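# Descriptive structure summary
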Amino acid sequence: MSIRLHAEGLSKTFTLHTQGGTRLPVFRDIDLAVRGGECVCLHGPSGAGKSTLLRSLYANYKPDAGRILVEHGGKIIDLLAAEPWEVVEIRKRSIGYVSQFLRVIPRISTLDVVAEPAIFTGAAREAAANAAANLLTRLRIPERLWSLAPATFSGGEQQRVNIARGLMVHYPILLLDEPTASLDAANRRMVIELIQEAKSRGTAVVGIFHDEEVRNAVGDRLFEVGKSIDVRSAPHAEKEKSAHVGASVE
Amino acid sequence: MIPAPKRALPPPLLSVNGVSRSYGKQLGCQDISFSVRPGEVLGIVGESGSGKSTLLACISGRLQPDTGSLVYDMKDRGPVDILALSEPERRRLARSEWGIVHQNPRDGLRMDFTAGGNVGERPMAIGARHYGNIRSEAQNWLEKVEIDLSRTDDKPKTFSGGMQQRLQIARNLVTRPRLVFMDEPTGGLDVSVQARLLDLLRGLVRELGIAAIIVTHDLAVVRLLADRLMVMQRGRVIEEGLTDQVLDDPHHPYTQLLVSSVLQA
Ligand SMILES: Nc1ncnc2c1ncn2[C@@H]1O[C@H](COP(=O)(O)OP(=O)(O)OP(=O)(O)O)[C@@H](O)[C@H]1O
Ligand SMILES: Nc1ncnc2c1ncn2[C@@H]1O[C@H](COP(=O)(O)OP(=O)(O)OP(=O)(O)O)[C@@H](O)[C@H]1O
Ligand SMILES: [Mg+2]
Ligand SMILES: [Mg+2]
């Protein structure tokens, strides 16, 4: 399959103005290409920058340099150079992102929370609701909870709602930040199954999975993200040679 | 992979170019430029006195800017320079294509009309005639904003603040405007009422594809409603971008301070 997502020369340093302008280099000159049907697992110790990289691929964080080329509507677009409305469109149709925690929308029912992304792409309400119900069933969210807002749900229930929402639309690119972190074995296996289905549809997947079972089941290769860098250099005097990112490891 | 060339775009719904406004020596807002596309929701945040309301009043034709231009893409005339319109023309435009939700519902409602009359006034003004239709459309909107139909013939002064604010929203959205200006639409309401109003707004704006410019000091409000965000300080826009980008990865020192000083948005 062809490359669906190509990050080139990505670099990211946070500057913390509220803390005396401390500069926090996270990664530098990252190159990552992901093919359709492939799942790349971001790997590295806590604080290495895995989530930062994943958020950058969604344009949630703004890298300082580089390009993120994605296929959208039959064209190749650089996500970092795109206008905000264009990024909104790309996120609607071409890139899905499942964050580590569900951001609850007050007063919206679980079924609607899950169905919403499809409705935003213009799907009929009824069809979207059916697909949402199907996903919620597979992820073992009891039907009596569907009409409630997920604010009061347990951590694992919220995470499964979040996954269902992220999988509603068949995005060609899917970004997953520890989707199985607080799930039991049965639910973990269902998430594995859902990711495998996405891959067989040709989705390019980039994920962070702490769980080795999940990694082995869905991952095609690891992508090492830096070492934990503690280069808290003073403003204007940074040395960030340790902010390297290794090439992909098999 | 090779990126495609940028394509030409349809004109924005509203473009604001270099708008400034002072009050004597007091700076209101300075050199503001941005544009809004159809269906796009833009949030404006910033500290008290940073010029948000001044900017909103200027771009909604209620306050004359000292410099700058405003171009609005009218439904049947195409792009027009708003500042060059005559006063009656501007009023007609505002009535037929815009909505303005004021922070204080009293500024946006007719306190001497009934609730139904408040909602029905605009459809009537732009040519709807049949009383039955207007009344049923008004009731339809009262239902949408969760005002009990038994209150249709009551005057808004008998309503709570939250009900008045919802009535103001119904009054503005009933004619399906293409662009809505809102100044602190959830200000002055208690938290549970705010949450209700917010998802009401969120649903309506998304469902009807209305473009909106929302001024607020509440980051949770923009997180929920706005596609894009502008941050103002001392009359200027100091940071702008996708809402989640600006809130999660703020670059300007003032934005970082703003984001870090609230618990979680
Ligand atoms: N919004 C932010 N502003 C400032 N610094 C940040 C921000 N997000 C992340 N960082 C910093 O970037 C570094 C990398 O964090 P990141 O969350 O990417 O690590 P991670 O590899 O996902 O770790 P974990 O496995 O613990 O989730 C950390 O030092 C973190 O403090
Ligand atoms: N009619 C007026 N006459 C004189 N000064 C004014 C007038 N209206 C606003 N100002 C001043 O212009 C500046 C910007 O005011 P503006 O109302 O636009 O701020 P804001 O960002 O909306 O603040 P808030 O969040 O408190 O509503 C302030 O310093 C204010 O005192
Ligand atoms: Mg992480
Ligand atoms: Mg104001």
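The residue count restarts for each chain, going from 1 along the sequence in the order it is written. Chain letters start at A and ligand numbers start at 1, both assigned in the order the entries are written. This being a predicted model, a pLDDT of at least 70 is required before a residue's local features are given, and a value of 80 or more before pairs of side-chain atoms are given or counted; all residues contribute to the totals for chains, interfaces and linings. The basis for every side-chain value is the complete set of heavy atoms in the structure, and neither hydrogens nor water enter the calculation.

## Focus on the overall build of chain B
Looking only at helices and strands, chain B has 10 helices and 10 strands in total. Scaling as 2.2 N^0.38, a compact globule of 265 residues should have a C-alpha radius of gyration of about 18 Å, and chain B matches this with 19 Å. Dimensions of chain B, computed from C-alpha atoms along their principal axes, come out at roughly 55 × 55 × 45 Å. In chain B, 65% of the contacts between residues at least 6 apart in sequence involve partners at least 24 apart. Every helix listed is a DSSP run of H or I at least four residues long, and every strand listed is a run of E at least two residues long, numbered separately from the N terminus. Each radius of gyration is computed over the set of C-alpha atoms, and the globule rule expresses the reference value as 2.2 Å times the number of residues to the power 0.38. Two residues qualify as a contact provided that any one of their heavy atoms is within 4.5 Å of a heavy atom in the partner residue.

## A few points about the overall build of chain A
Looking only at helices and strands, one finds 7 helices and 10 strands in chain A. For chain A, the C-alpha radius of gyration of 18 Å lies close to 18 Å, the compact-globule estimate for 250 residues. Taken over the C-alpha atoms alone, chain A extends approximately 55 × 40 × 35 Å along its principal axes. Out of the 250 residues in chain A, the part that is buried amounts to 53%. Long-range pairs, those at least 24 residues apart, make up 69% of the contacts in chain A between residues at least 6 apart in sequence. Classification of residues uses two cut-offs on accessible area relative to the type maximum, computed with a 1.4 Å probe and protein chains only: under 20% is buried, over 50% is exposed, and between them is partly exposed.

## Remarks on the domain arrangement of chain A
Residue and element names in this part refer to chain A. Structurally, chain A comprises domain 1 (3-94 + 171-243) and domain 2 (109-169). Here the C-alpha centre of domain 2 lies 24 Å away from the C-alpha centre of domain 1. Each side of the interface is counted separately: domain 1 has 17 residues, and domain 2 has 15 residues. When domain 1 packs against domain 2, close to 1,400 Å² is buried across both sides, 55% of that on carbon and sulfur atoms. Annotation comment: domain bounds sourced from an automatic or database domain assignment. Throughout, the accessible surface (probe 1.4 Å) given up by two parts as they are put together, summed over both, is called the buried area.

## Observations concerning the site of ligand 1
Contacts to ligand 1 come from 16 residues, most closely from Ser 46, Gly 47, Lys 50, Ser 51 and Thr 52 of chain A. Any residue with a heavy atom lying within 4 Å of a molecule or strand is counted as near it. The environment around ligand 1 is built from residues contributed by chains A and B. For this analysis, a polar contact is any N or O atom pair within 3.5 Å, provided that within protein one partner can donate a hydrogen and the other can accept it, and provided that sequence-adjacent residues contribute only side-chain to side-chain pairs. One nitrogen or oxygen atom from the side chain of Lys 50 of chain A is found 2.7 Å from an oxygen atom belonging to ligand 1. The side chain of Ser 51 of chain A places a nitrogen or oxygen atom 2.8 Å from an oxygen atom of ligand 1.

## Points about the pattern of salt bridges
Residue and element names in this part refer to chain A. By definition here, a salt bridge exists when the distance from a side-chain nitrogen of Lys or Arg to a carboxyl oxygen of Asp or Glu is within 4 Å. In the structure shown here, the tally under the stated rule is 24 salt bridges over all chains. The residue Lys 92 makes a salt bridge to Glu 89 at a minimum N-O spacing of 3.3 Å. Within this pair, Lys 92 and its partner Glu 89 are both found in helix α2 (residues 84-93), separated by 3 residues, close to a single helical turn. We classify Glu 89 as partly exposed; its relative accessible area is 25%.

## Observations regarding the site of ligand 2
Residues and elements named next belong to chain B. Taken together, Tyr 23, Gln 26, Leu 27, Glu 47, Ser 48, Gly 49, Ser 50, Gly 51, Lys 52, Ser 53 and Thr 54 are the residues near ligand 2. One nitrogen or oxygen atom from the side chain of Tyr 23 is found 3.4 Å from a nitrogen atom belonging to ligand 2. Take Ser 53: an N or O atom from its side chain is 2.8 Å from an oxygen atom of ligand 2. Contact with the protein chains hides 59% of the accessible area of ligand 2, taken as 640 Å² for the molecule alone. Taken together, the elements giving at least two residues each to the shell around ligand 2 come down to β2 (26-36) and α1 (52-59). Only the protein chains shown count as covering a residue, and every accessible area follows the Shrake-Rupley method with a 1.4 Å probe.

## What to know about the packing of aromatic side chains
Within 6.5 Å between ring centres, the rings of Phe, Tyr and Trp (the latter by its six-membered ring) count as paired, and their orientation is classed by plane angle as stacked under 30 degrees, edge-to-face over 60, tilted in between. The full count for this structure, using the stated rule, is 4 aromatic pairs over all chains. With a centroid separation of 4.9 Å and 25 degrees between ring planes, the pair formed by Tyr 58 of chain A and Tyr 97 of chain A is classed as stacked. Pair noted here: Tyr 58 of chain A is in the loop between α1 (50-57) and β4 (65-72) and Tyr 97 of chain A is in strand β6 (residues 95-98), with a separation of 39 residues, a long-range link. Judged by relative accessible area, which is 15%, Tyr 58 of chain A ranks as buried. Taking the relative accessible area as the measure of exposure, Tyr 97 of chain A reaches 19% and is therefore buried. Plain terms: the ring middles of Trp 98 of chain B and Phe 181 of chain B are 5.2 Å apart, the flat faces sit at 75 degrees to each other, and that makes the pair edge-to-face.

## Here's the deal with the sheet that holds strand β1 (residues 14-23) of chain B
Residue and element names in this part refer to chain B. At least two bridges found by DSSP between two strands is the condition for calling them paired. An order of β2-β1-β4-β5 is seen for the 4 strands of this open sheet, with the pairing classed as antiparallel. On the outer flanks of this sheet lie β2 and β5 (78-81), each paired with one strand and no other. The sheet shows a mean angle of 20 degrees between the axes of neighbouring strands, taken without regard to direction. Where β1 lies against strand β4 (residues 67-74), 5 bridges are found, and the strand directions are antiparallel. Bridged to Leu 14 within β4 is Tyr 72. The sheet contacts of α1 involve β1, β2 and β4, and relative to β2 the element is tilted by about 55 degrees. What counts as an axis is a line fitted to C-alpha atoms, over the stretch in contact for a helix, and the angles between N-to-C directions run from 0 to 180 degrees.

## Overview of the environment of Ala 7 of chain A
Residue and element names in this part refer to chain A. Looking at where Ala 7 falls in the secondary structure, it is placed in strand β1 (residues 3-16). Overall, Ala 7 belongs to the buried group, its relative accessible area being 0%. For Ala 7 and Leu 80, which are 73 residues apart along the polypeptide, the C-alpha to C-alpha distance reads 10 Å. Contact partners of Ala 7, with chain neighbours within four places excluded, come to Ile 30, Asp 31, Leu 32, Leu 57, Arg 67 and Ile 68.

## A look at helix α6 (residues 185-200) of chain A
Residues and elements named next belong to chain A. Working rule for helices: expected span equals 1.5 Å times residues minus one. For α6, spanning 16 residues, the distance from its first C-alpha to its last is 23 Å, which sits close to the expected 22 Å at 1.5 Å a residue. The set of residues buried in α6 consists of Asn 187, Arg 188, Met 190, Val 191, Ile 192, Leu 194, Ile 195, Ala 198 and Lys 199. Summarising the contacts, the buried residues of α6 are in contact with β3 (39-43), α4 (125-138), α5 (155-167), β7 (173-177), β8 (204-208) and α7 (212-218).

## Quick look at the sheet that holds strand β8 (residues 211-215) of chain B
Residue and element names in this part refer to chain B. Here we have 6 strands laid out as an open sheet, ordered β6-β7-β8-β3-β9-β10, and mixed in their pairing. The sheet is open, and its two borders are formed by β6 (98-101) and β10 (236-242), each paired with just one other strand. Mean inter-strand twist for the sheet, computed between neighbouring axes without regard to direction, equals 15 degrees. Where strand β3 (residues 41-46) and strand β9 (residues 228-233) come together, 5 bridges link them in parallel fashion. For Gly 43, the partnering residue across the bridge sits in β9 and is Leu 229.

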